[in-house]
Amino acid sequence: MSEFGEGAIDSHCHLDFKHFDKDREAVLSRAREAGVVMMINSGVDLATNRKSLELAKKHDFMRATLGLSPNFLEGLSNQYLQSQLDFIKENAGQAVGIGEAGLDHYRCKDEVARNRQVAVFQKVIDLAKSLDLPLVIHSRDAEQQALEMVKDLDKVVFHCYGGTMDTMKQAVDRGFYISLATVVCRSGPHQVLARNVPLDHLLVETDSPFLAPKRGRNEPMNVLESVRLIAKIKGLSPSEVASATTRNLKKIYSIP
Ligand SMILES: [Zn+2]
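## Some thoughts on the overall build of the protein
So, point 1. Counting its secondary structure elements, the protein contains 9 helices and 8 strands.
So, point 2. Its C-alpha atoms give the protein a radius of gyration of 17 Å, near enough to 18 Å, the size a compact globule of 256 residues would have.
So, point 3. Taken along the three principal axes of its C-alpha coordinates, the protein extends 50 × 40 × 35 Å.
So, point 4. Looking at the protein as a whole, 56% of its 256 residues qualify as buried.
So, point 5. Accessible surface for the protein amounts to roughly 11300 Å². Of this, 50% is attributable to carbon and sulfur atoms.
So, point 6. Each charge class in the protein was averaged separately, 33 positive and 33 negative side chains, and the resulting centres sit 2 Å apart.

## Topic: the nonpolar core
So, point 1. Counting 66 residues, the largest nonpolar core has L15, M39, F121, L135, V150, F158 and I178 as its most contacted members.
So, point 2. Each residue touching L15, except ones within four places of it in the same chain, is listed here: F20, R24, V27, L28, M39, N41, L55, M62 and P220.
So, point 3. Judged by nonpolar contacts, the second largest core, of 12 residues, contains V136, V157, Y177 and I252.

## Looking at the side chain of D104
So, point 1. Inspection of the secondary structure puts D104 in strand 4 (residues 97–104).
So, point 2. Polar side-chain contacts of D104 include one of 2.8 Å to the backbone nitrogen of R107.
So, point 3. Residues within four places of D104 in sequence aside, it is in contact with P70, N71, Q117, H138 and R140.

## Looking at the packing of helix 3 (residues 78–91) against helix 4 (residues 111–131)
So, point 1. Where helix 3 contacts helix 4, the two axes come as close as 11 Å, and the packing angle between them is 25°. Taken together, the axes of helix 3 and helix 4 are roughly parallel relative to one another. The hand of the helix 3/helix 4 crossing is right-handed. The residues of helix 4 that touch helix 3, namely those facing N78, L81, L85, I88 and K89, are R116, V120, K123, V124 and L127.

## Here's the deal with the coordination of the zinc ion
So, point 1. Protein coordination at the zinc ion comes from H12 (NE2), H14 (NE2), E100 (OE) and D207 (OD), with a distance range of 2.1 to 2.5 Å.
So, point 2. One can describe the donor arrangement at the zinc ion as irregular, given that its 4 donor atoms subtend angles of 84 to 176° at the metal.
So, point 3. Each donor residue of the zinc ion belongs to the same chain, and together they define the spacing H-x1-H-x85-E-x106-D. Of this pair, H12 sits in strand 1 (residues 8–13) while E100 sits in strand 4, placing them 88 residues apart in sequence.

## Regarding the pattern of salt bridges
So, point 1. On inspection of all chains with the given rule, the structure shows 9 salt bridges.
So, point 2. A salt bridge links R217 to D23; its shortest N-O distance comes to 2.9 Å. Within this pair, whereas R217 is found in the loop between strand 8 (202–205) and helix 8 (223–234), its partner D23 is found in the loop between strand 1 and helix 1 (24–34), the two being separated by 194 residues in sequence.
So, point 3. Residue classification places R217 among the partly exposed residues on the basis of a relative accessible area of 30%.
So, point 4. In this structure, the salt-bridge partner of E25 is K58, at a minimum N-O distance of 3.2 Å. Of this pair, E25 sits in helix 1 while K58 sits in helix 2 (residues 46–58); the two residues are 33 residues apart in sequence, bridging distant segments of the chain.
So, point 5. Its relative accessible area of 37% is what places E25 among the partly exposed residues.

Cut-offs used in this document
- Think of each chain on its own: its residues are numbered from 1, step by step along the sequence as written.
- Residues qualify for local features only when their pLDDT is at least 70, as the model is predicted, and side-chain atom pairs are given and counted only at 80 or more; totals for whole chains, interfaces and linings, by contrast, use all residues.
- Based on all heavy atoms of the structure, the side-chain values leave hydrogens and waters out of the count.
- What counts as a helix is a DSSP run of H or I of at least four residues, what counts as a strand is a run of E of at least two, and both are numbered from the N terminus.
- With C-alpha atoms as the basis for the radius of gyration, the globule rule is written as 2.2 Å multiplied by the number of residues raised to the power 0.38.
- Three exposure classes are used, based on accessible area relative to the maximum for each residue type with a 1.4 Å probe and protein chains only: buried under 20%, partly exposed in between, and exposed over 50%.
- All accessible-area figures derive from a Shrake-Rupley calculation using a 1.4 Å probe, and residue coverage is judged against the displayed protein chains alone.
- Residues scored as charged are limited to Lys and Arg (positive) and Asp and Glu (negative), so that His and the chain ends carry no count.
- All charge positions are set by atom: Lys at NZ, Arg at CZ, Asp at CG, Glu at CD.
- Nonpolar cores were defined as sets of buried Ala, Val, Leu, Ile, Met, Phe, Trp, Tyr and Cys residues, with membership established by side-chain atoms within 4.5 Å.
- It only takes one pair of heavy atoms within 4.5 Å for two residues to be counted as in contact.
- Think of a polar contact as two N or O atoms within 3.5 Å of one another; within protein, one of them needs to be a possible hydrogen donor and the other a possible acceptor, and neighboring residues in sequence only count if both atoms come from side chains.
- Axis lines are fitted to C-alpha atoms, over the contacting stretch for helices. Their N-to-C directions set the angle, which ranges from 0 to 180 degrees.
- Between 65 and 115 degrees an angle is taken as roughly perpendicular, under 35 as roughly parallel, over 145 as roughly antiparallel, and anywhere else as oblique.
- Should the near helix be turned anticlockwise from the far one by less than a right angle, the crossing is termed left-handed; should it be turned clockwise, right-handed.
- Each metal's donors are the N, O and S atoms within 2.8 Å of it, or within 3.2 Å when it is Na, K or Ca, and because water is not part of the set, sites may look incomplete.
- When four donors show all angles between 85 and 135 degrees the site is tetrahedral, when four or six donors have opposite pairs over 155 degrees and all other angles between 65 and 115 it is square planar or octahedral respectively, and in every other case it is irregular.
- Take a side-chain nitrogen of Lys or Arg and a carboxyl oxygen of Asp or Glu: if they are within 4 Å of each other, that pair is a salt bridge.

Remember that the coordinates give geometry; whether it matters functionally is a separate question.
Below, the structure is given as structure tokens:
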């Protein structure tokens, strides 16, 4: 048995992005060989939703979530937005969840644009609810507001969580999941979150190609570095963290 027991799951990545066009299959093989048994690829707009579905169809160890990121709304007409929502609805049967979607106040400082993020996020929330699928939230500097907006949902993942301890506790109290990205390997505040998040509400992710443990392009294999570090922080073995986060992920996404 390896250090990671039955293996770990990268709960959020973007392997369809152009960053991987030259060596996508090699990246996947490396991850698999290292002990990453599954990867969830999240769409952020129409093109990436399509590609996420293709990847999930091609590889039995991949799953897709279909989303509409707050960072991809600029200049989009309402009509085009609606067509994106329709695509998600029509293809939801091939996805394990809805998202990423949410609020990004870190990148977006403009009031009008922030209001549009709220309006679009609300539509995605309604969709997740009507489809009874888990919702993957992207929230930056707006975690509490995002949390208030999903009060009616019971299956929620805070992807790449980096908010306050207080909001995290509220999310956990509601039964939501906190997904920590590989940035935990180089961020003190994330390490404090890692110490405090209950193991049965924790997921791990890379958010590849972003948030690498040591800068540069990230890839799913690196999720194992997080597992190793979080285990150390929590006084557990890597295989205990790997198996708990795998169990949590399969539960939230209803994966057998
Ligand atoms: Zn993402």
